[in-house]
Amino acid sequence: RTPANAFLDIRSVAKAFGGNQVLEDVSVQIAPGEIVGLLGPNGSGKSTLLNVITGFTPADAGSVHFDGRRIDRVAAHRIVRTGMARTFQLPSMPAKMSVMEVAMAAATAHHGVFDTLVGTARARATERAARDKAAHLLQELLLTPVRDLPAAAISGGQKKLLGIVCALMAEPRMLLLDEPTAGVHPNLRRDIVAALQRLNAQGMTLVIVEHDMHFIRDVCTRCVVLDRGSIVASCRPDELASNDRVLQAYLGT
Ligand code: ADP
Ligand code: MG
């Protein structure tokens, strides 16, 4: 049933909140190495679909397979261990931790706290490795200058970058990003684009919820468009403007 090359295979997913049918018969297949833009007007169900895929919201119907494994009944923290990580539309940061500590805490979340608690030599080695990895990722995403500041005190754009760092601490093979550049300064936006392209060149598959058409044209190999909970298009970025169902979704006609 799973197409041979589908890395992520979403089949007939449905989700309602009360009487509000937010996702309806949503099917999407993503091949390894793709950079897919997930588009659609506000409220069309993009974040909900990301939540269903990553185990934060249970679907009412349908299935999700990742890398040949069924994951739609699997808890979010276990899905991360299968190689899929995500970022959030509005990252919230703990008030009393530094940027570095937040990145380190993400490693603990991914590897479990047991080793850390027992304080063995292995735990110390694990912590050292996590610290090195965090330092490297903070460098990659231009956060080294603020690594000792409280995470709550950095800019909204830097919080988005830190969210990406936290997701990457899990060393995922697929990364889902919810509006990574919304509210981000244009200079920082270019850096995010470059970082995502580097990750993809290293083999990472990306799904990106994004509104900025320049970003989409620069980054995405394919776009999937949601309108009121249904997929209405799957096409190249340069085909969006001439797609009637895409125009209809955005113009509401
Ligand atoms: P998008 O990310 O495309 O803007 P969302 O997936 O956030 O859209 O929301 C789609 C719809 O689902 C909206 O009508 C929203 O109010 C509703 N919704 C999302 N999450 C919940 C929730 N936890 N409880 C109730 N309704 C929700
Ligand atoms: Mg959203």
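Refer to the preceding data block for the structure.
Just so it is clear, the model here is predicted, and its values are computed rather than measured.

1. Focus on the pairing of strand S10 (residues 230–235)
Moving residue by residue along a regular strand, the side chains alternate between the two faces of the sheet. Inspection of the sheet shows strand S9 (residues 222–227) paired to S10 by five bridges, in the antiparallel sense. Looking across to S10, one finds that Cys223 is bridged to Cys235. Hairpin connection, S9 to S10: the antiparallel pair is bridged by two residues, and Arg228 has positive phi, about 45°.

2. Here we look at the sheet that holds strand S1 (residues 8–17)
Ordered by their spatial adjacency, four strands build an open sheet running S2-S1-S4-S5, and the pairing between neighbours is antiparallel. Each having just a single partner strand, strand S2 (20–30) and strand S5 (69–70) make up the two edges of the open sheet. Relative to S2, S1 is paired through seven bridges, and the arrangement is antiparallel. Note on S2: the bridge partner recorded for Asp9 is Gln29. Packing against the sheet, helix H1 (residues 46–53) makes contact with S1, S2 and strand S4 (61–66), and its axis sits at approximately 65° to S2.

3. Re the sheet that holds strand S7 (residues 174–178)
With respect to topology, six strands assemble into an open sheet ordered S6-S7-S8-S3-S9-S10, the strand pairing being mixed. With one partner strand each, in any of the chains shown, strand S6 (84–86) and S10 form the two edges of the open sheet. Neighbouring strand axes in the sheet, compared pairwise and without regard to direction, differ in orientation by 15° on average. With four bridges connecting them, strand S3 (residues 35–39) and strand S8 (residues 205–209) associate as parallel partners. Note that in S8 the partner of Ile35 across the bridge is Leu206.

4. Description of the site of ligand 1
The environment of ligand 1 is made up of Phe17, Asn20, Val22, Gly40, Asn42, Gly43, Ser44, Gly45, Lys46, Ser47 and Thr48. Mapped onto the shell around ligand 1, the elements with two or more residues apiece are S2 and H1. In terms of residue count, H1 provides more of the shell around ligand 1 than any other element does, three residues in total. Of the residues assigned to the shell around ligand 1, the class counts are two nonpolar, eight polar and one charged.

5. A few points about the nonpolar core
It is characteristic of soluble globular proteins that their nonpolar side chains tend to be buried jointly. Among the nonpolar cores identified, the biggest contains 73 residues, and Ala103, Val165 and Met169 are the most heavily contacted of them. Once you skip the residues sitting within four places of it in the chain, Ala103 turns out to touch Ala134, Leu137, Leu138, Val165, Cys166 and Met169.

Scoring rules and cut-offs
- Residues numbered from 1 in each chain as written.
- Chains lettered and ligands numbered in written order.
- Predicted model: local features only at pLDDT ≥ 70, side-chain atom pairs only at ≥ 80, totals over all residues.
- Pairing = 2+ DSSP bridges.
- Helix = DSSP H or I, 4+ residues; strand = E, 2+ residues; numbered from the N terminus.
- Contact = placed C-beta atoms within 7 Å.
- Axes fitted to C-alpha atoms, helices over the stretch in contact; angles between N-to-C directions.
- Near = placed C-beta within 6 Å.
- Nonpolar A, V, L, I, M, F, W, Y, C, P; charged D, E, K, R; others polar.
- Core = buried A, V, L, I, M, F, W, Y, C linked by C-beta atoms within 7 Å.
- Buried ≥ 20, exposed ≤ 12 C-beta atoms within 10 Å, placed from the backbone.

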